[in-house]
Each structure stands twice: as structure tokens, then as C-alpha cells.
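Listed here are the chains, written in short residue letters.
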Amino acid sequence: MNEIPVNDPVPVDPAEMMRTVWRRKWLLLAPWLFAIVVGTGAAFLLKPIFMSTTLMLLDRGQSVQGPLGNLSGVDVEQQADIMREQVQSSLFLKSVIAATGVKQDPVTRAMALKHASRYSGMQPDEQVEAFLVDELRDAISIKRSKGKLFQVTVEDYDPDRARKFCDAVASQFVASSKARQMEAVEAQQEF
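Note that the structure is a prediction, hence the values are computed from the model and not measured. (Residues numbered from 1 in each chain as written. Predicted model: local features only at pLDDT ≥ 70, side-chain atom pairs only at ≥ 80, totals over all residues. Heavy atoms only, no water.)

Q: What is the right way to read the packing of helix H5 (residues 106–114) against helix H6 (residues 124–139) from this model?
A: Close contact between H5 and H6 brings their axes to 9 Å; oriented N to C, the two are set at 85 degrees. The angle between H5 and H6 falls in the class roughly perpendicular. Taken together, the residues of H6 that come into contact with H5 (itself represented by Thr108, Arg109, Met111, Ala112 and Leu113) are Pro124, Asp125, Gln127, Val128, Phe131 and Leu132. Split by residue class, the contact of H5 with H6 holds 7 nonpolar, 2 polar and 2 charged. (Axes fitted to C-alpha atoms, helices over the stretch in contact; angles between N-to-C directions. Helix = DSSP H or I, 4+ residues; strand = E, 2+ residues; numbered from the N terminus. Parallel < 35°, antiparallel > 145°, perpendicular 65-115°, else oblique. Contact = heavy atoms within 4.5 Å. Nonpolar A, V, L, I, M, F, W, Y, C, P; charged D, E, K, R; others polar.)

Q: Any chance you could explain the environment of Arg180 here in plain terms?
A: With respect to the helices, strands and loops of the structure, Arg180 is situated in helix H7 (residues 159–190). When residues no more than four places from it in sequence are discounted, the contact partners of Arg180 are Gln79, Ile82 and Gln86.

Q: What am I meant to see in the nonpolar core here?
A: A general feature of soluble globular proteins is that nonpolar side chains tend to end up buried together. Ranked by internal contacts, the top residues of the largest apolar core, which has 31 residues, are Ile140, Val152 and Phe173. Every element with two or more residues in this core is listed here: helix H3 (76–88), helix H4 (90–100), H6, strand E2 (140–144), strand E3 (149–156) and H7. (Core = buried A, V, L, I, M, F, W, Y, C linked by side-chain atoms within 4.5 Å. Buried < 20%, exposed > 50% of the residue type's maximum accessible area, 1.4 Å probe, protein only.)

Q: Explain the packing of H4 against H6 here, please?
A: Pairs of packed helices are described in terms of their axes, by the angle between the two and the distance that separates them. Direction vectors running N to C along H4 and H6 enclose 110 degrees, while the axes themselves pass 10 Å from each other. Looking at the two axes, H4 sits roughly perpendicular to H6. Each of Ser90, Leu93, Lys94, Val96 and Ile97 in H4 lies in contact with H6, whose residues at this interface are Glu129, Leu132, Val133, Leu136 and Arg137. Tallied by class, residues from the contact of H4 with H6 come to 6 nonpolar, 1 polar and 3 charged.

Dropping the structure here:
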């Protein structure tokens, strides 16, 4: 039989390893220092983004007896999809903007008119509204929480404006939900 000789591993010399690390210290420290400098600079130079959040509960109310008893509405997943679609709707977002009154705020108008160059051919009020609608599409997020809860989050550079938008979005969701329920009741009555 042939035996394969087993080589003993070369012992590691801790002193030699420390000398190697010391010689290559800049290869180890340079990326860490660079990341710290860039992160610190970004933290001081970027504008803070404030988030306002509200929780909404899907409540179907009491079940009704008789012919209106089958108006159970949509389930929780469908409601979340409906809310996400509404947030992308210009009509819904315009009603949110109108409810907050931020279109008349001088700071908001100045910011919107400064960035509204892509809306040429419109009146200043229309430019402000179009800019705010586009910004709100990206700033609002709808997440489903546990059970029948929905989390509505609005991001903005101004904390008061974020809160106003969050309150207005929640109010508009409630109003549109009530309108859908009334339409369903009227459709059932017509039948």
C-alpha cells in the first residue's frame, strides 16, 4: 500500500502576523476612515426628512339584517390595494392638498415654484398644485399592520406640513370609504 505523507501545518508566528498587520495598517484603516468622513459629512449636509404616521382601523360596523346584509364590502387586502391606488390618483391628492391649505403657504409656494420648471405653460397656482401632487405620490406610503390596521406614513422636509398631510390623507380615506358605502347602499336600493 502506498501511504500519502501528511505534512504538518506550519505554525503561525503571532509576532510575524502583527508585523504584517502593522505594515498594512492603511489598507485596513483607510476604508473605515473614508466611510466615517463621508457619513458624517452627509449627516450634516443633507436636509432632514420628517415622517408623520397614523394608524387606521378598517371597521365594517354592525352587520345589517335583510337585503342590505350582504354588503360586507372588501376584505383587508383589497382595502390596502384600494388605498394604494387612491394615493396615486391625482384627484385624491388634490383633495388632500385642498384640505390642508398648504397651497397658500408662502414657504411651500416658494419651494414649489422654484422646482416647478417642468410644468411650463401652467398658471402659478396650477404649477404649485402639480408639483405638490407629484411630491405626495412619492411621499405617502400605505402599509398593512396586524389585523385590520393600516399604517399611513407621509414624509416631508417640514414636520408641520408632514403632519397636516398625514391627517388630511387619513380624513380623505375615511370620506372616500363612506362615499363607497353610500354608493353600495344606493345601488342595492335601486336593485
